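# Observations on the three-dimensional arrangement
These are the residues of each chain, in order.
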Amino acid sequence: MFDWTPAAVKAPRPYYKNVKHGQRVLCGYVVEVQYLYHGVRLILFTVERHTSLANKQQVLLDAVHFYRGVKQAVIVARKKQKQKR
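Described below are features of the structure shown in this document. (Residues numbered from 1 in each chain as written. Predicted model: local features only at pLDDT ≥ 70, side-chain atom pairs only at ≥ 80, totals over all residues. Heavy atoms only, no water.)

### Regarding the overall build of the protein chain
This is how the line gets drawn: Note on conventions: DSSP H or I runs of at least 4 residues are helices, E runs of at least 2 residues are strands, and numbering of each starts at the N terminus. With C-alpha atoms as the basis for the radius of gyration, the globule rule is written as 2.2 Å multiplied by the number of residues raised to the power 0.38. Partly exposed describes any residue whose relative accessible area lies between the buried limit of under 20% and the exposed limit of over 50%, with all areas from a 1.4 Å probe on protein chains only and scaled to the type maximum. Within this scheme the basic residues Lys and Arg register as positive and the acidic residues Asp and Glu register as negative, but His and the chain ends are omitted. For charged residues, the charge sits on one atom: NZ in Lys, CZ in Arg, CG in Asp, CD in Glu.
When helices and strands are tallied, the protein chain shows one helix and four strands. From first element to last, N terminus to C terminus, the protein chain shows the α and β order β-β-β-β-α. Taken over C-alpha atoms, the radius of gyration comes to 16 Å for the protein chain, far larger than the 12 Å a tight globule of 85 residues would show. Dimensions of the protein chain, computed from C-alpha atoms along their principal axes, come out at roughly 55 × 25 × 20 Å. For the protein chain, buried positions account for 24% of its 85 residues. In the protein chain, 16 side chains carry a positive charge and 4 a negative one; their mean positions are 7 Å apart.

Right, dumping it as structure tokens:
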């Protein structure tokens, strides 16, 4: 099946990794997408380890842009389902 219609999406959330001595490092942002026929997929927008704050903000903006696009696709898919009924 090649139908990757999104059914639901969750807003970007930070993804951290634990390192030495209980410190946490921001690895990126995760957007969770649930597809009609393929289950849930986690899309990770990664942050390079030793980058500037501007880079981290850009990665977040990319994740938000992706989220909004998928959210719009979810809305369109729901309208199509309602029209079929």
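Okay, back to it.
### As for the nonpolar core
Put simply, the rule is: Working definition of a nonpolar core: buried Ala, Val, Leu, Ile, Met, Phe, Trp, Tyr and Cys residues. They are joined through side-chain atoms within 4.5 Å. Working rule for contacts: check all heavy atoms of both residues, and any pair within 4.5 Å makes them a contact.
Val9, Val31 and Val33 are the most contacted members of the largest nonpolar core, which has 13 residues in total. Aside from chain neighbours lying at most four places away, what touches Val31 is Val9, Lys10, Pro12, Arg41, Leu42, Ile43, Phe45, Ala63, Phe66 and Tyr67.

### Section: unusual backbone geometry
One non-glycine residue, His21, adopts positive backbone phi at about 55°. Mapped onto the elements, His21 comes out in the loop between strand E2 (13-18) and strand E3 (24-35).

### Things to note about the packing of aromatic side chains
So the rule is basically this: Here is the rule: rings of Phe, Tyr and Trp (six-membered ring for Trp) pair when centre to centre is within 6.5 Å. Planes less than 30 degrees apart are stacked, more than 60 are edge-to-face, and the remainder are tilted. Whether a charge lies above a ring is judged from NZ of Lys or CZ of Arg, which has to be within 6 Å of the ring centre and within 35 degrees of the ring normal.
Applying the stated rule across the entire model yields two aromatic pairs. Judged by centre distance (5.0 Å) and plane angle (80°), the ring pair of Trp4 and Tyr35 falls under edge-to-face. Taken as a pair, Trp4 in the segment before strand E1 (6-9) and Tyr35 in strand E3 lie far apart in primary sequence, 31 residues in all. Judged by its relative accessible area of 14%, Tyr35 falls in the buried class. We note Arg24 situated over the ring of Tyr16; from NZ or CZ to the ring centre the distance is 4.1 Å.

### Topic: the pattern of salt bridges
For clarity, the threshold we go by: A pairing counts as a salt bridge when a side-chain nitrogen of Lys or Arg comes within 4 Å of a carboxyl oxygen of Asp or Glu.
Summed over the entire model, instances satisfying the criterion amount to two salt bridges. As a salt-bridge pair, Lys10 and Glu32 come within 3.6 Å of each other at their nearest N and O atoms. With Lys10 in the loop between E1 and E2 and Glu32 in strand E3, this pair connects stretches of sequence that are 22 residues apart. Owing to a relative accessible area of 18%, Glu32 belongs among the buried residues under this scheme. Ionic pairing is found between Glu32 and Arg13, a salt bridge with its closest N-O pair at 3.6 Å. Of the two residues, Glu32 is situated in strand E3 and Arg13 in strand E2; the sequence distance between them amounts to 19 residues. Looking at Arg13, the relative accessible area reads 36%, which means it is partly exposed. Among the charged side chains, a network of salt bridges with common partners joins Lys10, Arg13 and Glu32.

None of the figures reported here should be taken as evidence of function without further support.
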